[in-house]
Amino acid sequence: QVQLVESGGGSVQAGGSLRLSCDVTGSTISQTAMGWYRQAPGNQREWIASSFSGSMSGMTNYASSVKGRFTISRDNAKNAVYLQMNSLRPDDTGVYYCNRPSSTISSFWNWGQGTQVTVSS
């Protein structure tokens, strides 16, 4: 059973920074793409960043809304994924989750509890 534990959220003012962590147990992420997702109040969960593995190791991809402000990284030795968030804006407010991407050959793992990020203006 894979467990995802997100942490590092909090309340910050616009322009501030936060670093989120995601600890993964029950599976090794070194050969697994990983992503960050967020759910704003009243909205569906959306993808915001991906970190690739295998032949695409080191490659990343971002939603346009966070590109240039957020950075995804991973530490395969620690089985952890991180999200550095800079220049935060009020519309970044939401619950942040990590997970592997869903595809035709694999589905999302069970979601963790997420970590709340609140950005005030």
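About the criteria used
- Residues numbered from 1 in each chain as written.
- Predicted model: local features only at pLDDT ≥ 70, side-chain atom pairs only at ≥ 80, totals over all residues.
- Heavy atoms only, no water.
- Salt bridge = Lys/Arg side-chain N within 4 Å of Asp/Glu carboxyl O.
- Buried < 20%, exposed > 50% of the residue type's maximum accessible area, 1.4 Å probe, protein only.
- Helix = DSSP H or I, 4+ residues; strand = E, 2+ residues; numbered from the N terminus.
- Core = buried A, V, L, I, M, F, W, Y, C linked by side-chain atoms within 4.5 Å.
- Contact = heavy atoms within 4.5 Å.
- Polar contact = N/O pair within 3.5 Å; in protein donor to acceptor, adjacent residues only side chain to side chain.
- Disulfide = S-S within 2.5 Å.
- Pairing = 2+ DSSP bridges.
- Axes fitted to C-alpha atoms, helices over the stretch in contact; angles between N-to-C directions.

Chemist: Just checking my understanding: could you explain the pattern of salt bridges for this structure?
Modeler: Opposite charge on two side chains permits pairing when their charged atoms draw close. On inspection of all chains with the given rule, the structure shows four salt bridges. A salt bridge links arginine 38 to glutamate 46; its shortest N-O distance comes to 2.8 Å. What makes arginine 38 buried here is its relative accessible area of 5%. Put simply, aspartate 92 and arginine 38 hold a salt bridge, and the shortest N to O gap is 2.8 Å. Within this pair, whereas aspartate 92 is found in the loop between β8 (80-85) and β9 (94-99), its partner arginine 38 is found in strand β4 (residues 34-39), the two being separated by 54 residues in sequence.

Chemist: How do you make sense of the nonpolar core when you look at a structure like this?
Modeler: Nonpolar side chains in soluble globular proteins tend to end up buried together. In terms of nonpolar packing, the biggest core is built from 25 residues, with Val24, Trp36, Ile48, Phe70, Leu83, Met85 and Tyr96 touching the most fellow members. Breaking this core down by element, the ones donating at least two residues are β3 (18-25), β4, β5 (46-51), β7 (70-75), β8, β9 and β10 (115-120). Looking at this core element by element, the count peaks at four residues for β3. Non-local contacts of tyrosine 96, meaning those with residues more than four positions away in its chain, are made with Glu6, Leu20, Trp36, Tyr37, Arg38, Ile48, Phe70, Leu83, Met85, Gly114, Thr115 and Val117.

Chemist: When you look at the side chain of arginine 38 in this model, what are you seeing that I'm missing?
Modeler: At 2.8 Å, the side chain of arginine 38 forms a polar contact with the side chain of aspartate 92. Excluding residues that lie within four positions of it along the chain, arginine 38 makes contacts with Gln44, Arg45, Glu46, Ile48, Ser65, Val66, Phe70, Asp91, Asp92, Val95 and Tyr96.

Chemist: Even after reading the chapter, I still don't get the state of the cysteines, so can you show me in this structure?
Modeler: Covalently bonding the sulfur atom of one cysteine to the sulfur atom of another cysteine gives a disulfide. Tallied over the full model, the rule gives one disulfide. Residue cysteine 22 pairs covalently with cysteine 98 via a disulfide, S to S 1.7 Å. Its S-S torsion of approximately 50° makes the covalent link between cysteine 22 and cysteine 98 right-handed. On the criterion of sequence distance, the pair formed by cysteine 22 in strand β3 and cysteine 98 in strand β9 is long-range, its members being 76 residues apart. The class of cysteine 22 is buried, set by a relative accessible area of 0%.

Chemist: For this particular structure, what's the right way to read the pairing of β3?
Modeler: In regular strands, side chains alternate between the two faces of the sheet. Two strands pair when backbone bridges link them, and strand β1 (residues 3-7) and β3 are joined in this way by five bridges, in the antiparallel orientation. Bridging across to β3, valine 5 finds its partner in aspartate 23. Note: β3 against β8, six bridges, orientation antiparallel. In the strand pairing of β8, leucine 18 is matched with methionine 85.

Chemist: Explain the sheet that holds β9 to me, please; I cannot follow it from the model alone.
Modeler: Sheet strands associate in pairs through backbone hydrogen bonding, adopting either a parallel or an antiparallel arrangement. One open sheet accounts for six strands, arranged β2-β10-β9-β4-β5-β6; its pairing is mixed. In the strand order of this sheet, the two ends are held by β2 (10-13) and β6 (60-62), each with one partner. Adjacent strand axes in the sheet meet at a mean angle of 25°, parallel and antiparallel pairs treated alike. In the sheet, β2 pairs with β10 via four bridges, with the strands oriented parallel. Residue pairing in the sheet places glycine 10 in a bridge with valine 117 of β10.

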